[in-house]
Amino acid sequence: MAQATPRYVWGLINPRVGEDERELSDKSEPLLPPEVAVVSNGLGIRDYTVEGVEEAIVRYDALAAELVGRGAQRVVLAGIPISVQLGRKRVVELMRYTQERFGVPGDAAAEAVIAAMQHLGVSKVAVGSRWAEEVNNALIRYFAEADIEVLAITSEGQWAEQGSAMSFDRGVRLAFDLGRQAMREAPGADSLFLPGGAWRPLAAVPILEEDYGKPVLTNGNTRAWRIIHDGHAPPVHGWGTLLATP
């Protein structure tokens, strides 16, 4: 049976190149309905160091053009480490350039998180991070430019290779462990943020929200919230405060 034409298509530039990233998915982000499709490609980043990000970001223009050519109505630069190593000024400029050059909104992982925090009234956050200290420090600076204070941030010293090598089970357990550690260190935080996509932290969101009574944000739920907030998908219940309050 032929696949129905999607109602909305968003484009995702992943940090790395995967085997199936050029395929039009028959389903979108699991949090979004199937008529909202995703097309993706990969930046081919070597690592999340400043040098690795600078080496890879020169491919952005060609990758964005390719996604728009495949029907993308929004281009999202995935990867919190990429956003924070570029710095907020450059990311905002890149989003503006995408709109002007390709006629579709540009977005980035860290900007989606900040928009979600502002939507929920978050000004102080605990971060359950697995990243290396260099990335963590860049994240703190990036959030500070949006008047969001990081009260506590954890670290497992991970770079891109270690993150990609984690098993699903290991990633989920680590999301719980580091999220709880961050909240113990910053009980006064307005929200908990679990950055990174490779460790699949979504499963921890409803449980940690129940434990602490605070919204829990991830790369995935903030990215999906952008689509919901813009009216392209309905609210999602059962997976946390953010997705239920567009």
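Here the structure is a predicted model, which means the values were calculated and not measured. (Residues numbered from 1 in each chain as written. Predicted model: local features only at pLDDT ≥ 70, side-chain atom pairs only at ≥ 80, totals over all residues. Heavy atoms only, no water.)

Attention shifts here to the packing of aromatic side chains. Tallying each qualifying case throughout the model produces three aromatic pairs. Here the aromatic rings of Phe143 and Phe193 are separated by 5.9 Å at their centres, their planes lie at 40°, and the arrangement is tilted. With Phe143 in helix H6 (residues 133-144) and Phe193 in strand E7 (residues 191-194), the pair connects residues that are 50 residues apart, well separated along the chain. We classify Phe193 as buried; its relative accessible area is 0%. Cation over ring: Arg130 sits above Trp131, and NZ or CZ is 4.2 Å from the ring centre. (Phe/Tyr/Trp six-rings, centres within 6.5 Å; stacked < 30°, edge-to-face > 60°. Helix = DSSP H or I, 4+ residues; strand = E, 2+ residues; numbered from the N terminus. Buried < 20%, exposed > 50% of the residue type's maximum accessible area, 1.4 Å probe, protein only. Lys NZ or Arg CZ within 6 Å of the ring centre and 35° of its normal.)

This part is about helix H10 (residues 219-229). Most of H10 sits out of view: 10 of its 11 residues are buried. Buried within H10 we find Asn219, Gly220, Asn221, Thr222, Arg223, Ala224, Trp225, Arg226, Ile227 and Ile228. Measuring from the side-chain oxygen of the N-cap residue of H10 to the backbone nitrogen of Gly220 gives 3.3 Å; that N-cap residue is Thr218. (Polar contact = N/O pair within 3.5 Å; in protein donor to acceptor, adjacent residues only side chain to side chain.)

Right, let's get into the pattern of salt bridges. Opposite charge on two side chains permits pairing when their charged atoms draw close. One pass over the full model with this rule turns up 11 salt bridges. With a shortest N-O distance of 2.8 Å, Asp107 and Arg226 are connected by a salt bridge. With a gap of 119 residues between them, Asp107 in strand E4 (residues 106-108) and Arg226 in helix H10 connect regions that are remote in the sequence. Residues Asp107 and Arg226 agree in their burial class; the two are buried. If you follow the salt bridges from partner to partner, you end up with Arg74, Asp107, Arg226 and Asp230 in one network. (Salt bridge = Lys/Arg side-chain N within 4 Å of Asp/Glu carboxyl O.)

The next point concerns the side chain of Ser129. By secondary structure assignment, the location of Ser129 is in the loop between strand E5 (124-127) and H6. Looking at Ser129, the relative accessible area reads 0%, which means it is buried.

In this structure, Trp10, Leu77, Met117, Val125, Phe143 and Phe193 are the most contacted members of the largest nonpolar core, which totals 68 residues. In terms of residue count, helix H5 (residues 109-120) provides more of this core than any other element does, seven residues in total. Of all hydrophobic cores here, the second largest spans 19 residues; its members include Ala152, Met166, Ala182 and Val216. (Core = buried A, V, L, I, M, F, W, Y, C linked by side-chain atoms within 4.5 Å.)

Take the packing of helix H8 (residues 168-185) against helix H9 (residues 205-212) next. Put simply, H8 and H9 touch, their axes get as near as 11 Å, and they point 25° apart. Considering the angle they form, H8 stands roughly parallel to H9. In the crossing of H8 with H9, the sense of the turn from one axis to the other is right-handed. Listed contacts from H9 to Ala175, Phe176, Arg180 and Met183 of H8 are Ile207, Leu208, Asp211 and Tyr212. Partitioned by chemical class, the residues of the contact of H8 with H9 number six nonpolar, no polar and two charged. (Axes fitted to C-alpha atoms, helices over the stretch in contact; angles between N-to-C directions. Parallel < 35°, antiparallel > 145°, perpendicular 65-115°, else oblique. Left-handed = near helix turned anticlockwise from the far one by under 90°. Contact = heavy atoms within 4.5 Å. Nonpolar A, V, L, I, M, F, W, Y, C, P; charged D, E, K, R; others polar.)

The parallel open sheet is built from four strands, whose spatial order is E6-E5-E7-E8. Looking along the sheet, the strands with just one partner apiece sit at the ends: strand E6 (149-153) and strand E8 (216-218). If you compare each strand with its neighbour and ignore which way they point, the axes differ by 30° on average. In the packing of H8 onto the sheet, contacts are made with E5, E6 and E7, and the angle to E7 comes to roughly 145°. Strand contacts of H9: E7 and E8, with the helix running at about 155° to E8, the strand carrying the most contacts. (Pairing = 2+ DSSP bridges.)

Attention now goes to the side chain of Glu111. Summarising the element assignment, Glu111 is placed in helix H5. Under the relative-accessibility criterion, Glu111 is labelled buried at 7%. Not counting the four nearest positions on each side in its chain, Glu111 is found in contact with Arg88, Val91, Val92, Met95, Tyr142 and Arg226.

Turning our eyes to something else, we now look at the sheet that holds strand E1 (residues 8-14). In space, the four strands of this open sheet follow the order E2-E1-E3-E4, with parallel pairing throughout. Two strands in the sheet have a free side with no partner beyond their single neighbour: strand E2 (36-42) and E4. Geometrically, the sheet is characterised by an average inter-axis angle of 25° between neighbouring strands, direction not taken into account. Sheet topology places E1 next to strand E3 (residues 75-77); three bridges connect them, and they run parallel. Pairing of Gly11 across the sheet is with Val75, part of E3.

Our next topic: the environment of Val236. Summarising the element assignment, Val236 is placed in the loop between H10 and helix H11 (241-244). Judged by relative accessible area, which is 14%, Val236 ranks as buried. Sequence-wise, Val236 and Pro33 are 203 residues apart; in three dimensions their C-alpha atoms are separated by 9.7 Å.

Note that every value here comes from positions in space, so none of it alone points to a role or purpose.
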